[in-house]
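Chains, contacts and geometry: an overview
Read off the chains here:
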Amino acid sequence: MAKAQSSEHGEWSSGLAFVLAATGSAVGLGNLWGFPYKAGENGGATFVLIYLLCIALVGLPVMVAEITLGRRGKRSPVNSIRSIAGDERQSSRWRFVGVVGIAAGVLILSFYSVVGGWTLYYIGQAVVGAFEGIGSDASSAIFADLKKNAAVIITCHTLFMLILYGIVVAGVRKGLQRAVTLLMPLLFAILILLVGYSMAATGAFGQALEFLFKFKTADLSGTVIFEAMGQAFFSLSLGMGAIMVYGAYLPKSESIPKTTGWIVGMDTLVALLAGLAIFPIVFSVGKEPASGFGLVFETLPIVFGKIPLGYFLGVTFFVLLSVAAVTSGISLLEPATSYFTERGGSRSLAAGGVAFVIWLAGLPSALTWNLLSDVHVVGERGIFGSVLLLANEVMLPVGGLLVAIFAGWFVRGSTLARELETHQGQWLFMTWLITLRFVAPLGIAMVLGFKLWGAFAG
Ligand code: PHE
């Protein structure tokens, strides 16, 4: 990508193109699959509140920092950070922040592709009419059967990685932008339709509202905070260089704070809409909110099987979910691909090598509920859950912490202000810098520290 990039830095033809690509990265399985089930497992409103706080106090400042560093460095995260560190007369070891990011991206995509494969499988189920008239038990059975079937899960995981690889190699970024422009509004529309249905027809909308927004101090715990922070990083694509490398392709003329506002706003909105669509169904069919990571797959088909035009809506929804997963998956590949391309590989070789390693790394995750169901890695967690824990809840926040410290403390304020096209006395800039220097790093360090301490203490 580096070579192509230096001649094509304007590849995001405008700020809008960047917002679309970055939103394509942010909005994905994290919003529609991850957020509802994590909220369900962690007491609802308490999780949601902490999640929103993490977005405002940590996610926003770190995203501005990542885009700023990316646009200043104009290369893969490893080399962007190395060159900025050089300019600022800091140690070139800071580049390892980029290396940690690449590792996190590989780990995340390894399980992300398994879930991406499920969305492909669900397109097939929707097409053959498997949701027709099903109730809660039948719907859960479809998901349970899928989990048990190693061959199908691996086939879908393989298919998902092949699609990603194909898109990255074909270099159809323009096509992808068009897809996001078209499909993102459609995804919004379907979500709003589903929320409308949940509001009007489930009789459980009030219960869902209360679950999602009525904060209860009793639910607050270290684990909830830890999970909510990991979810915030994961959902915003932060802490591993994806947004940084996209920032490297952002034209100089665009306002970073404004674009960040759009990306964060849309990502948060989609997550909240997903919650508002899913929980009324959960309550109306008598499911437990904490029934785990199958939540979106087990609930929405019940509705598609029941409402007018449900067949058509079901197919469309799972196609859109797959597209959202693909646009996020591409950004998960990008830091590693751009890095290996800069080291002299061709783009297709770099992407192919990385994709193959990720595919291999995903196999144990794919086998978590069948051949390897006896394997427990972290506590009760199987392989899939353990990789997810390590990548989302530990590596991303650590990546974000390092970005905040590097940008906040080791890059001169004047450099940052110049890249942000503002001056250091400006109030928005000062607010950002203070949050980046103090609030975000202290917050992340405290959450991780308490969790680690808790793990060792018992
Ligand atoms: N933000 C994406 C999602 O919500 C996942 C992702 C994480 C993408 C990290 C890139 C980097 O699905």
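None of these values were measured; they are calculated from a predicted model. (Residues numbered from 1 in each chain as written. Predicted model: local features only at pLDDT ≥ 70, side-chain atom pairs only at ≥ 80, totals over all residues. Heavy atoms only, no water.)

1. Some words on the pattern of salt bridges
- Evaluation of the coordinates by the stated rule reveals 13 salt bridges.
- Here glutamate 419 ties to arginine 72 by a salt bridge, and the two come within 3.8 Å at their closest N and O atoms. Of this pair, glutamate 419 sits in helix H18 (residues 413-419) while arginine 72 sits in helix H4 (residues 45-73); the two residues are 347 residues apart in sequence, bridging distant segments of the chain.
- Given the relative accessible area of 30%, arginine 72 is considered partly exposed.
- Where aspartate 219 meets lysine 216, a salt bridge forms, and the shortest distance between an N and an O atom there is 3.7 Å.
- Of the residues examined, aspartate 219 reaches a relative accessible area of 27% and is grouped as partly exposed.
- A relative accessible area of 47% places lysine 216 in the partly exposed class.
- Counted as one network, the salt bridges with shared partners bring together Arg71, Arg72, Asp87, Lys252 and Glu419. (Salt bridge = Lys/Arg side-chain N within 4 Å of Asp/Glu carboxyl O. Helix = DSSP H or I, 4+ residues; strand = E, 2+ residues; numbered from the N terminus. Buried < 20%, exposed > 50% of the residue type's maximum accessible area, 1.4 Å probe, protein only.)

2. Section: the side chain of asparagine 79
- Structurally, the position occupied by asparagine 79 is in helix H5 (residues 77-87).
- A polar side-chain atom of asparagine 79 sits 3.2 Å from a polar atom in the side chain of arginine 82.
- Asparagine 79 has contacts with Tyr339 and Glu342, leaving out every residue within four places of it along the chain. (Polar contact = N/O pair within 3.5 Å; in protein donor to acceptor, adjacent residues only side chain to side chain. Contact = heavy atoms within 4.5 Å.)

3. Observations concerning the packing of aromatic side chains
- Scanning all chains against the criterion turns up 37 aromatic pairs.
- Ring centres of phenylalanine 211 and phenylalanine 279 lie 5.0 Å apart, and the angle between their planes is 50 degrees; this geometry places the pair in the tilted category. Here the residue phenylalanine 211 occupies a position in helix H10 (residues 205-213), and phenylalanine 279 occupies one in helix H13 (residues 256-284), the gap between them amounting to 68 residues.
- Between the NZ or CZ atom of arginine 437 and the centre of the ring of tryptophan 409, over which it lies, the distance is 5.1 Å. (Phe/Tyr/Trp six-rings, centres within 6.5 Å; stacked < 30°, edge-to-face > 60°. Lys NZ or Arg CZ within 6 Å of the ring centre and 35° of its normal.)

4. Here we look at unusual backbone geometry
- In this model, arginine 89 sits at a positive phi of 55 degrees, which is unusual for a non-glycine residue.
- Classification of arginine 89 as exposed rests on a relative accessible area of 78%.
- Of note in this structure, glutamate 421 is not a glycine but carries a positive phi near 55 degrees.
- Locating glutamate 421 in the fold gives a position in the loop between H18 and helix H19 (427-457).
- For glutamate 421, a relative accessible area of 52% corresponds to the exposed category.

5. Description of the site of the ligand
- Of all residues adjacent to the ligand, which total 15 residues, the nearest are Ala26, Gly30, Tyr112, Phe234 and Ser237.
- Contact distances for the ligand include 2.9 Å between an oxygen atom and a backbone N or O atom of alanine 26.
- Interatomic distance of 2.7 Å between a backbone N/O atom of phenylalanine 234 and a nitrogen atom of the ligand.
- Of the pockets mapped on this structure, the ligand occupies the largest cavity.
- The set of elements that each furnish at least two residues to the shell around the ligand consists of helix H2 (15-26), helix H3 (29-41), helix H11 (222-235) and helix H15 (310-342). (Near = heavy atom within 4 Å. 1 Å grid on protein atoms, 1.4 Å probe; cavity = no way out; pocket = protein on both sides within 12 Å on 5 of 7 lines; lining within 4 Å. Sits in = over half its atoms within 2 Å of the grid points.)

6. Some words on the side chain of glutamate 419
- Glutamate 419 sits in the buried class, given a relative accessible area of 4%.
- Not counting residues up to four positions away in its chain, the partners in contact with glutamate 419 are Thr68, Arg71, Arg72, Lys252 and Ile256.

7. Things to note about the packing of H3 against H4
- Across the interface, H3 lies against H4 with an axial gap of 7 Å and an inter-helix angle of 130 degrees. As judged from the angle between their axes, H3 and H4 are oblique. Residues Phe35, Lys38 and Ala39 of H3 touch H4, and the partners they reach there are Phe47, Val48 and Tyr51. (Axes fitted to C-alpha atoms, helices over the stretch in contact; angles between N-to-C directions. Parallel < 35°, antiparallel > 145°, perpendicular 65-115°, else oblique.)

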